[in-house]
Amino acid sequence: MNNFDVIIIGGGHAGVEAAYACSRMGKKNCLITNSKSDIGKMSCNPAIGGIGKSHLVREIDAMGGLMGVAADHGGIHFRVLNASKGAAVRATRSQSDRMLYANKVLSIIDSEDLLSVIENEVTEIKISNGKANGVKLASGEIIYSKKVVLTAGTFLNGKLFTGEEQEQGGRIGDKPSLKLADFLQSLDLKSGRLKTGTPPRINSNSVNWKVTKEQPGDNPRPTMSFITTNEIHPKQMSCFITRTNKITHEIIMEGLERSPMFSGKIEGLGPRYCPSIEDKIHRFSDRESHQIFIEPEGLTSKEIYPNGISTSMPKDIQQRMVNSIIGFEKAEITKFGYAVEYDFFDPRELQHTLETKKIKNLYFAGQINGTTGYEEAAAQGLVAGINASIATEDGSPWLPKREESYIGVLIDDLVTLGTKEPYRMFTSRAEYRLLLREDNADQRLSPLAKKLGLIDENRWAKFNKKMEDIQKEKERLRNYKVSLKQLNEISGKQTVKTNANITALEALKRPEVSYEEMCKVLGIEPAKEEVAIDVITDKKYSGYIERQKKEIKKIKKNENALIPEQINFNDIEGLSNESKQKLSAVSPRTLAHAQRIPGLTPAAISLLLVHIKKREHQKNNAL
């Protein structure tokens, strides 16, 4: 039992998706973790999804992953964010019961015959002739494998900070991976330090709920997975909203010099888009208050998570700060907030498969690559697990493309551009977000997942049924004619200028035409939501979608234009010094990669393309 196809180190969100993918692809694998009870644990916020992140969850689910299913089994509060905006930026978010979520993840992992869980600490990765071939455990045992996937989270040289207090740890109550961190530092890999943080937890019985604003979940409730229904959701709970105030800010400012962030104890950068409360007060000093979402930790938990006041301030400051907030005047802190600083490795030293360039058979996934968030970690775990499995048989790798998925955007951003701060996914990072919606993730990825052996016949049948229903609804709407009078009735305005009857399907192209209202006027039942969303979006945004598809084709013409490894960007005539520096720092391999370097202008890309063509012409003439 000490020989596997793939070894996965770490039982967090990246590790479980990697292990589950390997199992579904028929590979004997083992997941090594210090404690089996920590598998699938939500270390920070007990929530899944959100802007940009839910797109990753849906894509993981479309590929047969477990995150969406676990979120539906553990979800106690569901909302669609940006519901009033376009389909491309709508995002589902689920608040989870920590125990229910982790229990579902563990039950899925336990159900896999090819997956073994080993409770131990990895102290070394065995490398021979530049190739990883196993791991050494703290017990001294060596386990061999064809591939190794490292998903160490925040545990590599992890340090916890609360004011002047400092201790070693990957999260509160858990020891860091020091020996493995020392081993990795001995390798020729570029590394750095990053930090993240968490707010204090509060006893829910000590909160004055009457002065907070209730935020119920959506009705009807959405789901995170394509294959579940909201009937499996447990009992639902409301979230609540309160705010910081001038007194809160004054208390924080008084204690800034005792904050490890400002005293210089913490070296690593934190996530820009999820800053600590002391960082918010310092950076946005003109703001009189900041919103706090009060989120339940679970159905049976007495703790609440005050999302918006992550902090590493001293305990006495935290207590005063919390008690200054409306509703928290008598709040009891059950766990103080803290920051965690940890090692990460430069993701530019990875292939798009997430295999390290310098050590064959070794894959990195999750926060070790400089990302933040469960969803980003899980997406990387999926990619690493799939590619490690494929590589055991020397198959063609899965290289998700930017125009195909948010997973592709995530991986390409990391390995092409790297990161200096914890990377978080947003819809704004995707150039073709109108094509990469939550609702069509299965259409984009499930056929590929079927070819790779990642989804079973039950999921495949559900996908095909949905596609049949979409086609039937389009055909049904083609068979109905809508008159000028009906169009005006649907829109509620006398704005339609045509006298010609058009099909109900074509009528959906008009921005003033509502699908639901049209169904009422025509006297027909609307299709179920997952079908209707696709039909509506496909028609409403058809012009924009076609434009994005043309842009993709245009870029694809240049995607295969390889940039020679020996190229000296300083030799390119007309290129600014700034552009030369950016190109030299990233060393893009293709023109498409160069196009995505922040600050590199279209003019610079044109000069680069001319230079490449000129080199090719000179080379051909020399033959």
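Read on for an overview of the structure. Since we're looking at a predicted model, the values are computed, not measured. (Residues numbered from 1 in each chain as written. Predicted model: local features only at pLDDT ≥ 70, side-chain atom pairs only at ≥ 80, totals over all residues. Heavy atoms only, no water.)

### Observations concerning the overall build of the protein
- Helices and strands together make up the secondary structure of the protein, namely 21 helices and 22 strands.
- Computed over the C-alpha atoms, the radius of gyration of the protein is 26 Å, within 12% of the 25 Å expected from 2.2 N^0.38 for a compact globule of 623 residues.
- With the C-alpha coordinates of the protein rotated into their principal frame, the extents come out at 80 × 80 × 55 Å.
- When each of the 623 residues of the protein is scored for burial, the buried share is 56%.
- Taking the intrachain contacts of the protein between residues at least 6 apart in sequence as the baseline, contacts between residues at least 24 apart amount to 73%.
- With the model as given, the accessible surface of the protein reaches about 27,700 Å², and the carbon-plus-sulfur share is 48%. (Helix = DSSP H or I, 4+ residues; strand = E, 2+ residues; numbered from the N terminus. Rg over C-alpha atoms; globule rule 2.2 N^0.38 Å. Buried < 20%, exposed > 50% of the residue type's maximum accessible area, 1.4 Å probe, protein only. Contact = heavy atoms within 4.5 Å. Areas by Shrake-Rupley, 256 points an atom, 1.4 Å probe, with all protein chains shown as cover.)

### Structural notes on the pairing of strand S2 (residues 29-33)
- Counting buried residues along S2, 5 of its 5 residues qualify, which places the element largely inside the surrounding structure.
- Burial along S2 is two-sided: the face carrying Asn29, Leu31 and Thr33 and the face carrying Cys30 and Ile32 are both buried.
- With 4 bridges joining them, strand S1 (residues 3-9) and S2 adopt parallel strand pairing. Paired with isoleucine 9 across the two strands is isoleucine 32, which belongs to S2.
- As for the winding sense of the linkage, the β-α-β connection from S1 through helix H1 (residues 13-24) to S2 is right-handed.
- Sheet topology note: the S2/strand S6 (residues 115-119) ladder contains 5 bridges and is parallel. Its bridge partner being in S6, cysteine 30 is matched across the sheet by serine 116. (Pairing = 2+ DSSP bridges. Right-handed = clockwise from strand over helix to strand, strands pointing away.)

### Quick word on helix H5 (residues 178-185)
- Three or more residues of H5 are buried, namely Leu180, Ala181, Phe183 and Leu184. End-on, the buried residues of H5 take up no more than an arc of 160°, which puts them together on one face. The outward face of H5, more than 90 degrees from its buried face, is lined by the exposed residues Lys179 and Asp182.
- Looking at the buried positions of H5, the neighbouring elements they touch are strand S7 (122-128), strand S9 (142-150), strand S19 (338-345) and strand S20 (362-364). (Arc of directions from axis to C-beta.)

### Section: the environment of leucine 194
- Topologically, leucine 194 is positioned in strand S12 (residues 191-198).
- Leucine 194 gets classed as buried once you look at its relative accessible area, which sits at 0%.

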